Amino acid sequence: MTAPAESDDATHVVPVVCNHDCGGRCRLEAHVRGGRVVRITTDESPDLADRPQLRACLRGRAIGSRLNDPNRLLYPMKRVGARGEGRFERVSWDEAIDLVTSRLQRAVKTYGPGSVFIHHGNGDEGAISGVAAARRLMNLMGGHLAYYNSYTSACLNYTAPFITGRRDTSSYQTLPHSKLIVLNGFNPAETIFETNSCHYLARAKDAGAKVIVIDPRLTETAATFADEWLPLKPTTDVALFVAMAHVIVTEGLQDQAFLDTFCIGFDERHMPDGVPEGLSFRSYVLGAADGTPKTPEWAAPITGIDAATIRRVAIDYATHKPAQLLQGCGPQRHAYGEQSVRAGITLACMTGNLGRLGGGWGGGEGGRSLGLPIGGFPTGTNGVKARIPVFLWTDAVVRGTEMTERDGVKDGPLESNIKFIFNIAGNTLVNQHADINRTVAILRDERLVEFIVVSDQLLTPSARFADVLLPADHSLERNDLGSPWTGERYVVFGNKVVEPPGECCHEYWWLSRVAERLGLEPAFTEGKTREDWLRQIVAEARAGDASFPDYDELRSQGLYRKTPEPYVAFEKEIADPAHHPFATPSGRIEIFSKTLYDMQHPEIPGVPSYLAAWEGPEADLVGRYPLQCIGPHAKTRINSTYDENGWMEEAEPRTMWISRQDAAARHIADGDTVNVFNDRGALLARARVTRRMRPGVVSVPQGAWYTPDEHGVCHRGSVNILTSQRPTPLAHGNGQHTMLVDVRKA
């Protein structure tokens, strides 16, 4: 790619970056004429098998539509109505910065720096984000209340170290080496883990791999790639996995040599000291301890998958080697999401697939760290040591100083409840957090959180709760860098192609002005502009890689890329265990975790186990709310980004999927407006009656903007008005796919 280029009609074509909150990082070209982006195109370089194009999905191609949105915030504003009403008046930047500075000083002086919370916000995935800049400022002021986990993969990240020492997965370049691929809740055709996830799935199919998809919905991934679709009931995948384990054990298909060499806890001969007999995984599966063998017949009514199918899939998985079990992040966003991570890894171990080319880890996708070694904006050291699980931030508002280790607090106690919030490029303050009605009630009480600063491009549901609302620039209005989350080895340079409208600016600018008023500007900026920091990041990458282009070369080329090689997770540990033990207490894969067992928590067993979800198909609440509801990602949104975009609405209108049987029982026709409700709230949606949905389950894609009427019913269909704030037991993560509802024609 050469840039900028000029076409015959004086249109400049400039490389830019798609820096949304997704695992891909795609090449885009902005066609600029007369100071305005008039068109977006994507990668047209040769599409090679081992170096496929970095082509953008429809979200990336719509970036110009968001850039030119007539509803962009243009000026700083302060709240004039009650918090949450969304009424603001324009103020100058000086007044806004003075107000932020004074209220920040008051919070730190009155309650301590631990009262300041920089909220989860990934709307800007650039090298110098506003969130990183806020952290740097607060660390110069003594620190801030930090969090761990994410809304994406809390159970996966938190649980993996107990089992294999770390979260790690083989790269998608290994898929063509697999004979069988099982996708559980993994839908890369609509949710982008890496730009070319589907390219490698297609290559695997071409090479003869069989693909089985486990999902309550016949997703686009299932429709495109699956040889077989298993529409199981949500929250029951662990029952399916342990029943598959039962078949493998009783048929004698387990890789016993692998288990004996690399694992503890599979059978009674390989248990940690001090553990009573009968607690191994094999004993659990065979029912030695509880008298219930976990047979396919046991699992069939739980999962909704018939016993013969479970038995056949188990034998297929155990005999087609190498095989990969790839789990998306949806299965671990359930009530006991930790167990799906553990059970998946255990199946991979039982079949000897872990650490081998074409095999897989089984715990959950993502987590690789194979990208180019490019750094980020330095944020300094946080002087506040206490951390909370991010999903419990509303609890930290209401009862922060009372929270303990049982609430997941690390290095506590908290010195204060949350009193001041920075909400930058994020919609988790309201829209993406669970139980919106509880959340907004907390935020409206100004005795709790005393001040909220929001920086964003649009008046999102979270931005409506700002006390000061600041207009953010767009990624096409500044230079920036973009890197993929995990395995692809490239960096994209995003050029500034247009000037920001109105008084929009990047957070680094206004946080520098706050720092100036606090006497911290020299330490905050070190005399550098944002552009200087970008140059420093590139120079540091170049110092470690002589082939890395300098800043101006990268800016012109738009891309620096190395051809990826297949990466096999845990390959060293399997090839040479003496010199590369697993980073667990035993140095082995801990199918039985004594660390977890010693917690003596009824919801945290020593081996992976099926636990009936509190709002699952076996819950008593089914009598009142008979439908399970899930909130998958939509292909037209990145979380809540683009819900406002008319192009996306045209590409795929918002709908709630419901099976023909469940619709008929409620006299609902395709296209009807329906009310979806439970005790926590209600929303309106347009019904899509389809055979692609498992009976007993409805699907309301997450990310729609919370838009309540006077009765509190959300008219755009934000699923989080229905979800629960109850955390998972170990990770204290979000189980936002676990909920029961009913549906009626509106």
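Counting from 1, residues in each chain are numbered in the order their sequence is written. Local features in this predicted model are restricted to residues whose pLDDT is 70 or higher, and side-chain atom pairs enter the listing and the counts only when it is 80 or higher, whereas totals over whole chains, interfaces and linings include all residues. Working from all heavy atoms in the structure, the side-chain values ignore hydrogens and water.

(A) Local environment of the overall build of the chain. Working definition: helices are DSSP H or I runs of at least four residues, strands are E runs of at least two. Numbering for both runs from the N terminus. Along the backbone of the chain there are 23 helices and 27 strands. Our radius of gyration looks at C-alpha atoms and nothing else; its globule reference is 2.2 Å times the residue count to the power 0.38. For 746 residues, the compact-globule estimate of 2.2 N^0.38 gives 27 Å, and the C-alpha radius of gyration of the chain, at 26 Å, lies within 12% of that figure. If you line up the chain on its principal axes, its C-alpha atoms span 70 × 55 × 55 Å. For the chain, the proportion of its 746 residues judged to be buried stands at 63%. Note on contacts: a residue pair qualifies if any of its non-hydrogen atoms lie within 4.5 Å across the two residues. Across the chain, the fraction of contacts at a sequence separation of at least 24, relative to all contacts at a separation of at least 6, is 73%. Residue burial considers only the protein chains on display, and all accessible areas are found by Shrake-Rupley using a 1.4 Å probe. Put simply, the chain shows about 26500 Å² of open surface, and 49% of that area lies on carbon and sulfur atoms. Note that His is not counted, nor are the chain ends; the positive residues are Lys and Arg, and the negative ones are Asp and Glu. Just so you know, the charge point we use is NZ for Lys, CZ for Arg, CG for Asp and CD for Glu. Averaging the locations of the 80 positively and 90 negatively charged side chains of the chain gives two centres separated by 2 Å. Buried residues are those whose accessible area, probed at 1.4 Å on protein chains only, stays under 20% of the maximum for their type, while exposed residues exceed 50% and partly exposed ones sit between those limits.

(B) Region of interest: the sheet that holds strand β13 (residues 323–327). We treat two strands as partners when DSSP finds at least two bridges between them. An order of β11-β10-β9-β13 is seen for the four strands of this open sheet, with the pairing classed as parallel. In the strand order of this sheet, the two ends are held by β11 (228–230) and β13, each with one partner. Neighbour-to-neighbour, the strand axes of this sheet turn through a mean angle of 15 degrees, independent of strand direction. Taken together, the five bridges between strand β9 (residues 180–184) and β13 define a ladder with parallel strand orientation. Note that in β13 the partner of Ile-181 across the bridge is Gln-324. In the packing of helix α8 (residues 237–250) onto the sheet, contacts are made with β9, β10 (210–214) and β13, and the angle to β13 comes to roughly 165 degrees. Note on method: axes are straight lines fitted to C-alpha atoms, helices fitted across the in-contact stretch only, with angles between N-to-C directions ranging 0 to 180 degrees.

(C) Looking closely at the pattern of salt bridges. Whenever a carboxyl oxygen of Asp or Glu lies within 4 Å of a side-chain nitrogen of Lys or Arg, that contact is scored as a salt bridge. Tallying each qualifying case throughout the model produces 52 salt bridges. Taking the shortest distance from any N to any O, the salt bridge between Glu-297 and Arg-311 comes out at 3.3 Å. One end of the pair, Glu-297, is in helix α11 (residues 296–303); the other, Arg-311, is in helix α12 (residues 307–319), with 14 residues separating them in the sequence. Judged by relative accessible area, Glu-297 falls into the partly exposed class, the value being 45%. When its relative accessible area of 29% is taken as the criterion, Arg-311 is described as partly exposed. In this structure, the salt-bridge partner of Arg-513 is Glu-516, at a minimum N-O distance of 3.5 Å. Here Arg-513 pairs with Glu-516, and both are found in helix α16 (residues 507–517), just three residues apart, close to one helical turn.

(D) Region of interest: the packing of aromatic side chains. Two aromatic rings, drawn from Phe, Tyr or Trp (for Trp, its six-membered ring), form a pair once their centres lie within 6.5 Å of each other, and the interplanar angle then sorts them: stacked below 30 degrees, edge-to-face above 60, tilted otherwise. Overall, the coordinates contain 22 aromatic pairs when judged by the stated rule. Judged by centre distance (5.4 Å) and plane angle (70 degrees), the ring pair of Tyr-336 and Trp-614 falls under edge-to-face. Residue Tyr-336 is located in the loop between β13 and α13 (337–350), and its partner Trp-614 is located in the loop between α21 (594–597) and β22 (627–630); the two are separated by 278 residues in the primary sequence. Here the two residues Tyr-336 and Trp-614 agree in accessibility, since each one is buried. Taken together through their ring pairs, the aromatic side chains of Phe-377, Tyr-508, Phe-524 and Trp-533 make up a single cluster. One residue, Arg-217, lies across the ring of Trp-657, its end atom 5.4 Å from the ring centre. We note Lys-528 situated over the ring of Trp-533; from NZ or CZ to the ring centre the distance is 4.3 Å. Here, over-ring charges are defined by two tests on the NZ atom of lysine or the CZ atom of arginine: distance to the ring centre within 6 Å, and angle to the ring normal within 35 degrees.

(E) Broad picture of the pairing of β9. β9 sits mainly inside the fold: five of its five residues count as buried. The alternating pattern of β9 places Leu-180, Val-182 and Asn-184 and Ile-181 and Leu-183 on opposite faces, both of which are buried. Both β9 and β10 contribute to a ladder of five bridges, which runs parallel. In the strand pairing of β10, Asn-184 is matched with Ile-214. Taken together, β9, helix α6 (residues 197–206) and β10 constitute a β-α-β crossover, and its handedness is right-handed. Crossovers are described as right-handed under a simple rule: with the strands pointing away from the observer, the path leading from the first strand over the helix to the second runs clockwise.

(F) How the structure looks around the side chain of Glu-190. Relative to the assigned elements, Glu-190 resides in the loop between β9 and α6. For the buried Glu-190, no salt bridge exists, and the shortest N-O distance to an oppositely charged side chain is 4.4 Å, to Arg-217. Separated by 3.0 Å, the side chain of Glu-190 and the backbone nitrogen of Glu-220 make a polar contact. Here Glu-190 is in contact with Arg-59, Arg-217, Thr-219, Glu-220, Ala-634 and Lys-635, once residues within four sequence places are set aside. The definition of a polar contact used here is a pair of N or O atoms within 3.5 Å, where within protein one atom must be able to donate a hydrogen and the other to accept one, and adjacent residues in sequence count solely through side-chain atom pairs.

(G) Summary view of the sheet that holds strand β23 (residues 656–658). Reading around the barrel, the six strands line up as β22-β26-β23-β25-β24-β27 and close back on themselves, with mixed pairing between neighbours. Taking the axes of each pair of neighbouring strands and ignoring which way they run, one obtains an average angle of 45 degrees across the sheet. Two elements, β23 and strand β26 (residues 697–699), share two bridges in a ladder whose sense is antiparallel. Residue pairing in the sheet places Ile-658 in a bridge with Val-698 of β26.

(H) How the structure looks around the side chain of Asp-456. Locating Asp-456 in the fold gives a position in strand β16 (residues 451–456). Leaving out residues up to four positions away in the same chain, Asp-456 has contacts with Arg-66, Leu-73, Ala-425, Gly-426, Leu-470, Pro-471 and Ala-472.

(I) Representation of the environment of Phe-677. Secondary-structure assignment places Phe-677 in strand β24 (residues 673–678). Expressed as a C-alpha distance, the spacing of Phe-677 and Arg-744, which sit 67 residues apart in the sequence, is 8.6 Å. Excluding anything up to four places from it in sequence, Phe-677 contacts Tyr-625, Ala-682, Leu-722, Val-741, Asp-742, Val-743 and Arg-744.

(J) Main features of the packing of α8 against α12. At their nearest, the axes of α8 and α12 sit 9 Å apart, and the two run at 70 degrees to each other. The angle between α8 and α12 falls in the class roughly perpendicular. Along this stretch, α8 crosses α12, giving a crossing that reads as right-handed. Residues Leu-240, Ala-243, Met-244, Val-247 and Ile-248 of α8 touch α12, and the partners they reach there are Ile-310, Arg-311, Val-313, Ala-314, Ile-315, Tyr-317 and Ala-318. Classification used: nonpolar for Ala, Val, Leu, Ile, Met, Phe, Trp, Tyr, Cys and Pro, charged for Asp, Glu, Lys and Arg, polar for all others including Gly. A per-class count over the contact of α8 with α12 returns eleven nonpolar, no polar and one charged. Each angle receives one of four descriptions, namely roughly parallel if under 35 degrees, roughly antiparallel if over 145, roughly perpendicular if within 65 to 115, and oblique otherwise. Here a crossing is taken to be left-handed if its near helix is turned anticlockwise relative to the far helix by less than a right angle, and right-handed if that turn runs clockwise.

(K) Quick look at the environment of Gln-536. Of note, Gln-536 is situated in helix α18 (residues 530–544). Separated by 170 residues in the primary sequence, Gln-536 and Tyr-706 have C-alpha atoms spaced 40 Å apart. Polar contacts involving the side chain of Gln-536 include one to the side chain of Lys-528, which spans 3.1 Å.

(L) Region of interest: the nonpolar core. Throughout this description, the term nonpolar core refers to a set of buried Ala, Val, Leu, Ile, Met, Phe, Trp, Tyr and Cys residues connected via side-chain atoms within 4.5 Å. One finds Phe-281, Leu-354 and Ile-589 to be the most contacted residues of the largest nonpolar core, which totals 84 residues. With eleven residues, α8 is the single largest residue contributor to this core. If we ignore the near neighbours within four places in the chain, the residues touching Ile-589 are Ile-163, Thr-164, Phe-258, Phe-262, Cys-263, Ile-264, Ile-345, Cys-349, Leu-354 and Phe-582. Counting 55 residues, the second-largest nonpolar core is a separate cluster that includes Phe-88, Met-403, Ile-436 and Val-743.

(M) The arrangement of the environment of Glu-521 in detail. Summarising the element assignment, Glu-521 is placed in helix α17 (residues 521–525). In the structure, Glu-521 is positioned 384 residues away from Leu-137 in sequence and 9.1 Å away in space, judged by C-alpha atoms.

(N) Representation of the pairing of strand β25 (residues 681–689). Pairing geometry for β23 and β25, over three bridges, is parallel. Note that in β25 the partner of Met-656 across the bridge is Ala-687. One ladder, built from six bridges, connects β24 with β25; its direction is antiparallel. Residue pairing across strands places Val-676 opposite Leu-683, the latter belonging to β25. The antiparallel pairing of β24 with β25 creates a hairpin that spans two residues between the two strands.

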